Amino acid sequence: MRWTSKIAAAALAALLQACVTAPVSAPPPAAASAAETRAPVTILVSIDGFRADYLDRGVTPVLSRLAAGGVTGPMRPSFPSKTFPNHWTLVTGLRPDRHGIVGNKMEDAARPGETFTMSTDDPFWWNGAPPIWTDAEAAGIRTATLFWPGSNVAIGGTRPDPKEWEVEGGARPQDWAQFNQAVSGEQRVNGLLDWLRRPAAIRPKLLTLYFDTVDHVSHDYGPVDPHTLDAVAQVDGWIGQLVAGLADLGQPANLVIVADHGMAATSSARVAQLYEYVAKEDVHVIESGVYAALAPVAGKEDAVGKALLGKHPHFECWRKSEIPARFHFGSNPRVAPIFCLAETGWLLNEKPPAKPFAGGNHGYDNFAPDMAALFIANGPAFRAQRIAAFDNVDVYPLLRDLIGLPAKPGVDGTDAPFRSALRR
Ligand code: AMP
Ligand code: ZN
Ligand code: ZN
């Protein structure tokens, strides 16, 4: 983290800590809310790595109640089922191949020598599509994020090709915070509730909230481990604090609670070795693990193609133009020339495991049941309904409905899965 970000993060942590210990001078929220009938706000909540079936494990009283009283069903992530590509899909309605965040790590020929990672906030990488807060703010709907990948980036300000949309100086939500893992779930909830305590004129109408602990713990212990279920229960408690806080404020809310992907069990007994198939000096590897994204070095294209293309035990490699159509992946210039996908639960690594491990991972085939993600929508806009599996590109059109923006032509999803559950 750069020192400026560290200072911003420390300032935010201090600010949020102040929110946790209630300010003495603030008027009692009940008194403030008694005078006003509030219009519903929309809150998009992401629980990173919350697999769809965690809801059936008996550790989520709050989420299960919200699901029973609202709309719920398994949600298919977009490919690849990684964090940044899917968070960007949820707020743009486009698949990764179209919005340009094609991995947590990537390269672009237009920026030789640079690598995008999860801490890259240069708008160049994010400019492929406007996120929902850009359109909302343009329509006069105030937005706030605590946190969301890309929400700290001044998007649109340096678009190389500003034909379709352009925002002078770049757009962020009016209220945003630099991502900081050290800000606790409780502090995140209290920070968001404090935004809703503001006078109506400066109160956000579309908010996001993000929890990462389930993802961390399930990477370390695996998807069905008791540690993971403890983390799931802890996040359920934070959602309970959110629901209770909203009730105290008299603030109706349409909650859209999602995950970016599920989680598959991995093990040191299921690791394939990339360099048993191809010579290390013949390839430039951008990412490896759940998948390997790589480019042959100049002059080695044929040798690498012969060595890798096709099926191998526990993984398969394609030229980017030949990736199966159901993945909707491979036309973006940022997708590496050769893409090798491990069988769900396997890893394709560059080094043998240093010690035995059992853990979890994601990024696999987005149709694999283990990759299915949580979806719950609950609030005054929704009737209770269980819905069939749907694609996460459909969440963005739903969010537009909820905040009163017209459907956006040309996106990859529609609100069709939710139409019969929406009270218009
Ligand atoms: P992964 O499991 O590798 O796909 O990445 C998930 C991790 O991304 C989470 O555990 C977070 O720590 C991290 N992360 C989430 N949001 C952000 C953000 N806005 N900026 C930087 N890192 C983030
Ligand atoms: Zn994730
Ligand atoms: Zn993860």
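Going by the structure above, here's the rest.
Just so you know, the residues in each chain are numbered from 1, in the order the chain's sequence is written. Chain letters start at A and ligand numbers start at 1, both assigned in the order the entries are written. In keeping with the predicted nature of the model, local features appear solely for residues at pLDDT of at least 70, side-chain atom pairs appear and are counted solely at 80 or more, and the whole-chain, interface and lining totals rest on all residues. Values reported for side chains reflect all heavy atoms of the structure, with hydrogen atoms and water molecules removed beforehand.

Is there a simple way to think about the coordination of the zinc ion (ligand 3) in this case?
Ideal coordination angles are 109.5 degrees for a metal with four donors arranged tetrahedrally and 90 or 180 degrees for a metal with six donors arranged octahedrally. Note on donors: an N, O or S atom is included if it sits within 2.8 Å of the metal, or within 3.2 Å for Na, K and Ca, and water is never included, so sites can look incomplete. Donor atoms from the polypeptide that bind the zinc ion (ligand 3) are D215 (OD), D215 (OD), H219 (NE2) and H362 (NE2), placed at 2.0 to 2.6 Å. Between the zinc ion (ligand 3) and the zinc ion (ligand 2), the interatomic distance is 4.1 Å. With D215 and H219 both in helix α9 (residues 213-221) and 4 residues apart, the pair spans about one turn of that helix. Secondary structure elements follow DSSP: runs of H or I no shorter than four residues count as helices, runs of E no shorter than two count as strands, and numbering proceeds from the N terminus.

I tried to follow the sheet that holds strand β9 (residues 283-287) on my own but got confused; where do I start?
Strands pair in a sheet through their backbones, by hydrogen bonds, and they do so in one of two ways: parallel or antiparallel. By the convention used here, strands pair only if DSSP detects at least 2 bridges between them. If you trace the 5 strands from one edge of the open sheet to the other, you get β9-β10-β13-β12-β11, paired in antiparallel fashion. The open sheet has two edge strands, β9 and β11 (310-312), and neither has a second partner. In this sheet, adjacent strand axes meet at a mean angle of 25° when their direction is disregarded. As paired elements, strand β10 (residues 291-296) and strand β13 (residues 338-342) share 4 bridges and run antiparallel to each other. Looking across to β13, one finds that A292 is bridged to C340. Each of β9, β10, β11, β12 (315-319) and β13 is contacted by helix α11 (residues 301-308), which is oriented at about 155° to β10, the strand it contacts most. For helices, the axis comes from a line fit to the C-alpha atoms of the stretch in contact; other axes are also lines fit to C-alpha atoms, and the angle between any two N-to-C directions lies between 0 and 180 degrees. The contact rule is simple, with two residues in contact once any of their heavy atoms fall within 4.5 Å.

Explain the layout of surface pockets to me, please; I cannot follow it from the model alone.
Think of a 1 Å grid over the protein atoms and nothing else: a 1.4 Å probe that fits but is trapped marks a cavity, an open set flanked by protein within 12 Å on at least five of seven lines marks a pocket, and residues with an atom within 4 Å of a point count as lining. Grid points are joined across faces, edges and corners, and a volume is the space filled by probe spheres set on the points. For the largest pocket, the calculated volume is near 880 Å³. Along the wall of the largest pocket there are 38 residues; nearest its centre are F84, T117, M118, S119 and F179. Where the lining of the largest pocket is concerned, the elements lending two or more residues are α4 (83-92) and α9. It is α9 that provides the largest number of residues to the lining of the largest pocket, a total of 3 residues.

Sorry if this is basic, but what is going on with the coordination of the zinc ion (ligand 2) here?
The protein atoms that coordinate the zinc ion (ligand 2) are D48 (OD), T83 (OG1), D260 (OD) and H261 (NE2), at distances of 2.0 to 2.1 Å. Viewed at the metal, the 4 donor atoms of the zinc ion (ligand 2) are separated by angles of 97 to 131°, and the geometry they form is tetrahedral. Of note, the donors binding the zinc ion (ligand 2) are all from one chain and are spaced D-x34-T-x176-D-H. Using a relative accessible area of 0% as the deciding quantity, one classes D260 as buried. Irregular is the default label, applied whenever a site is not tetrahedral (four donors, all angles between 85 and 135 degrees) and neither square planar nor octahedral (four or six donors, opposite donors over 155 degrees apart, all other angles between 65 and 115). We call a residue buried when its accessible area falls under 20% of the maximum for its residue type, exposed when it is over 50%, and partly exposed in between, using a 1.4 Å probe and counting protein chains only.

Explain the site of ligand 1 to me, please; I cannot follow it from the model alone.
Surveying the vicinity of ligand 1 reveals 15 residues, the closest of which are T83, N104, Y210, H216 and H219. Under this definition, polar contacts are N or O atom pairs within 3.5 Å; protein pairs additionally need one hydrogen-donor-capable and one acceptor-capable atom, and for neighbouring residues in sequence, both atoms have to be side-chain atoms. The contact in question runs from an oxygen atom of ligand 1 to an N or O atom on the side chain of H219, over 3.0 Å. With respect to ligand 1, the side chain of H362 contributes an N or O atom lying 3.0 Å from an oxygen atom. Computed on the free molecule, ligand 1 has an accessible area of 510 Å², of which 84% lies beneath the protein chains in the complex. Secondary-structure elements contributing two or more residues to the shell around ligand 1 are α4 and α9. As a working rule, the residues Ala, Val, Leu, Ile, Met, Phe, Trp, Tyr, Cys and Pro are called nonpolar, Asp, Glu, Lys and Arg charged, and the rest polar, with Gly in that last group. Split by residue class, the shell around ligand 1 holds 6 nonpolar, 6 polar and 3 charged. We call a residue near a molecule or strand as soon as one heavy atom of that residue lies within 4 Å of the molecule or strand. Per-residue and other accessible areas follow the Shrake-Rupley method at a 1.4 Å probe size, with only the shown protein chains counted as cover for residues.

Teacher, can you tell me more about the pattern of salt bridges here?
Where charged atoms of side chains with opposite charge meet at close range, the side chains can pair. Salt bridge, as used here: a side-chain nitrogen of Lys or Arg that lies within 4 Å of a carboxyl oxygen of Asp or Glu. Within this structure, the stated rule accounts for 20 salt bridges. Between R197 and D194 there is a salt bridge, and its shortest N-O distance comes to 2.2 Å. Accessibility expressed as a relative area gives 39% for R197, which makes it partly exposed. Judged by its relative accessible area of 22%, D194 is partly exposed. In this structure, the salt-bridge partner of R419 is D415, at a minimum N-O distance of 2.6 Å. For R419, a relative accessible area of 46% gives the class partly exposed. Within the structure, one salt-bridge network assembled from shared partners comprises R51, D53, R57 and D370.

Whenever I open this one, helix α8 (residues 185-196) confuses me. Can you help?
Residue pairs three or four apart in sequence face the same way in an α-helix, which turns once every 3.6 residues. To estimate how far a helix should reach, multiply one less than its number of residues by 1.5 Å. With 12 residues, α8 should cover 16 Å at 1.5 Å per step; its first-to-last C-alpha distance of 17 Å lies within 8% of that length. The buried fraction of α8 is high, at 10 of 12 residues. Among all positions in α8, only G185, Q187, R188, V189, N190, G191, L192, L193, W195 and L196 are buried.

Help me understand the sheet that holds strand β5 (residues 206-211) in this model?
One open sheet accounts for 7 strands, arranged β4-β5-β1-β6-β16-β2-β17; its pairing is mixed. A single partner strand is all that each edge strand has here, and the edge strands are β4 (143-146) and β17 (385-386). Bridge analysis of strand β6 (residues 253-258) against strand β16 (residues 375-378) gives 4 bridges, and the strand direction is antiparallel. Looking at the pairing, L255 lines up with N378 of β16. The strands that helix α12 (residues 395-403) touches are β1 (41-47), β5, β6 and β16; relative to β6, the one it contacts most, it runs at about 170°.

It is not clear to me how the side chain of N127 should be interpreted in this structure. Could you clarify?
Within the fold, N127 resides in the loop between α6 (123-126) and α7 (132-138). Among the polar contacts listed, one links the side chain of N127 to the backbone nitrogen of G156, at a separation of 2.7 Å.

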